[in-house]
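# Survey of secondary and tertiary structure
As a plain string of letters, each chain reads:
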Amino acid sequence: MKSFLFALGLILCAGDDWKKQFKSEWATQQAGRQIHAVQILAPVDKREAVELLESSSVAVERRIAELEADQRRIQQEMKRVPADSLLDKRGEITDPKGYEFRLKLDRDAKAVEASIVDQEAIFAAMGEVMSRYSEALPSMVRQLDLSDSVRFRCQVARAMASIKGEVARATLERAVAQKQIPVAVAAIESLAARGEGVDAVARALRRSDWPVQAAAVQALSKLDVIEGVDPLIEALGRAEGRLKNEINEALILLTGQNKNSEPVLWREWWETVKTGFPQSRPSKEIRATALRVARTGSDGQTTFYGIPVRSKRLVFVLDRSGSMAEKALWKEAGTPTGPDGPRLIGDRKIDVARYELKKALWTLPAD
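Residues numbered from 1 in each chain as written. Predicted model: local features only at pLDDT ≥ 70, side-chain atom pairs only at ≥ 80, totals over all residues. Heavy atoms only, no water.

### A short note on the overall build of the chain
For clarity, the cut-off: Numbering of helices and strands runs from the N terminus; a helix is a DSSP stretch of H or I covering at least four residues, while a strand is a stretch of E covering at least two. Think of it in three bands: with a 1.4 Å probe and only protein chains considered, a residue is buried below 20% of the maximum accessible area for its type, exposed above 50%, and partly exposed in between. Any two residues whose heavy atoms approach within 4.5 Å at even a single point are treated as in contact. Shrake-Rupley sampling with a 1.4 Å probe provides the accessible areas, and residues are treated as covered by the protein chains on show and by no other component.
Helices and strands together make up the secondary structure of the chain, namely 17 helices and 2 strands. Considered along the principal axes of its C-alpha atoms, the chain spans approximately 80 × 75 × 35 Å. Taken over 367 residues, the chain has a buried fraction of 41%. By sequence separation, contacts in the chain at least 24 residues apart represent 65% of the contacts at least 6 residues apart. Of the roughly 20,600 Å² of accessible surface on the chain, 53% is carried by carbon and sulfur atoms.

### Quick word on the packing of helix H6 (residues 137–146) against helix H8 (residues 166–175)
Put simply, the rule is: In this analysis an axis means a line fitted to C-alpha atoms, helices contributing only their contacting stretch, and an angle means the value between N-to-C directions, from 0 to 180 degrees. Should an angle fall under 35 degrees it is called roughly parallel, over 145 degrees roughly antiparallel, and 65 to 115 degrees roughly perpendicular, with every other angle called oblique. Here the nonpolar group is Ala, Val, Leu, Ile, Met, Phe, Trp, Tyr, Cys and Pro; Asp, Glu, Lys and Arg are the charged ones; every other residue, Gly included, is treated as polar.
Interhelical geometry of H6 versus H8 gives an angle of 0 degrees and a closest axis separation of 11 Å. Considering their axes alone, H6 and H8 lie roughly parallel with respect to each other. Contacts between H6 and H8 pair Leu 137, Val 141, Leu 144 and Asp 145 from the former with Val 167, Ala 168, Thr 171, Arg 174 and Ala 175 from the latter. Here the contact of H6 with H8 is built from residues that sort into 6 nonpolar, 1 polar and 2 charged.

### A few points about the pattern of salt bridges
Pairs may arise between side chains of opposite charge once their charged atoms sit close together. For clarity, the cut-off: Salt bridge, as applied in this entry: a Lys or Arg side-chain nitrogen positioned within 4 Å of an Asp or Glu carboxyl oxygen.
Taken as a whole, this structure holds 26 salt bridges when the rule is applied. With a shortest N-O distance of 3.7 Å, Glu 128 and Arg 132 are connected by a salt bridge. With a closest N to O distance of 3.6 Å, Asp 145 and Arg 174 form a salt bridge. Note that Asp 145 is positioned in helix H6 and Arg 174 in helix H8, a separation of 29 residues in sequence. You can call Arg 174 partly exposed: its relative accessible area is 44%.

### Examining the packing of aromatic side chains
Heads up, the condition is: Stacked, tilted and edge-to-face pairs are distinguished by plane angle, under 30 degrees for stacked and over 60 for edge-to-face with tilted covering the rest, among Phe, Tyr and Trp rings (Trp via its six-membered ring) whose centres lie within 6.5 Å.
Applying the stated criterion to the full structure yields 8 aromatic pairs. Ring centres of Trp 270 and Phe 277 lie 5.3 Å apart, and the angle between their planes is 75 degrees; this geometry places the pair in the edge-to-face category. When its relative accessible area of 2% is taken as the criterion, Trp 270 is described as buried.

### Let's talk about unusual backbone geometry
The phi torsion at Asn 260 lies on the positive side, around 50 degrees, for a residue other than glycine. Considering the arrangement of structural elements, one finds Asn 260 in the loop between helix H13 (241–255) and helix H14 (263–273). Judged by its relative accessible area of 54%, Asn 260 falls in the exposed class. You will see that Ser 261, though not glycine, has its phi angle at about 65 degrees, which is positive. Structurally, Ser 261 is set in the loop between H13 and H14.

### Section: the confidence of the model for the chain
Any segment with low pLDDT has predicted coordinates that should not be analysed in fine detail. So the rule is basically this: As a per-residue quantity, pLDDT reports the predictor's confidence and falls between 0 and 100.
Put simply, the chain has an average pLDDT of 89, and 93% of its residues get 70 or more. This stretch, residues 4–12, has a pLDDT under 50; its non-local contacts, to residues over four places away or in other chains, come to 13 contacts.

Okay, here's the thing in structure tokens:
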């Protein structure tokens, strides 16, 4: 389908016809046809194409904001009409009108969510189209700095992952320092995809925004160069919770060693081996095996349905609907709770859910 649309775009883009075709499709206000409008610009590697995409992105951004406002309104309505208040203990409906209203709210919520996904897909199409450009790169550089649409700037950064050359690399390194967290994250991910920008990614570890820090940790793992070890050890001394564990795992992938998230142990070991480490560094396969071993040796850690719980800020979400009365297929895995801890009573899904929550709370560290 994409190949067909690209070929169609080539045909339509003779002269300035691409502008007419774009505007005709875009004016329909239908997400599918607006995506088609964007794809028409794939072979149009010009400044005007980037500017047209950017100006159009403002309307999409506005539409998403409106949908998100609808989403918040529906959520407030749902709070005023809790589903549990409409049923008795046996699951029988006690308020038919209220129940129908609640069903309508559920339908509205799903429709709004689907519309948001459609609008986000338009932005994704913009990024895919711009990833084909090279002559229009100067215009993309300007938009990454100046566009009023944060989502569009993210797509420009993602597109630059596929554009070769020093200009794209330097632009992404500069974008890592942008205040908008999504833009910085997109720039970090693009640098990792290019296999470049270790120094810029390492500097991102010093930012206070944890999503940027997490993206930088993942990027240094993907870049797979020993220049990432020193900044990761430095960041480990400041980290806590899940981020601390992720940094330790990144260090394992880079070195094949496991110092159990202890920055002092990592620093002492690294100072003794770093000089000759490029020659003695274990293979990628051995280092990946070391990470698997570290992950499986998790006795004593908190788990929820087998998922390790390492963050210090947690939200547990449990289903209480009628299907939870069915027999559970989940087999217990993870840490035993000890002689005084909770025990699994019953074999229904709800029984397992209650047990998994109690077990997780029981085994959480004191901090």
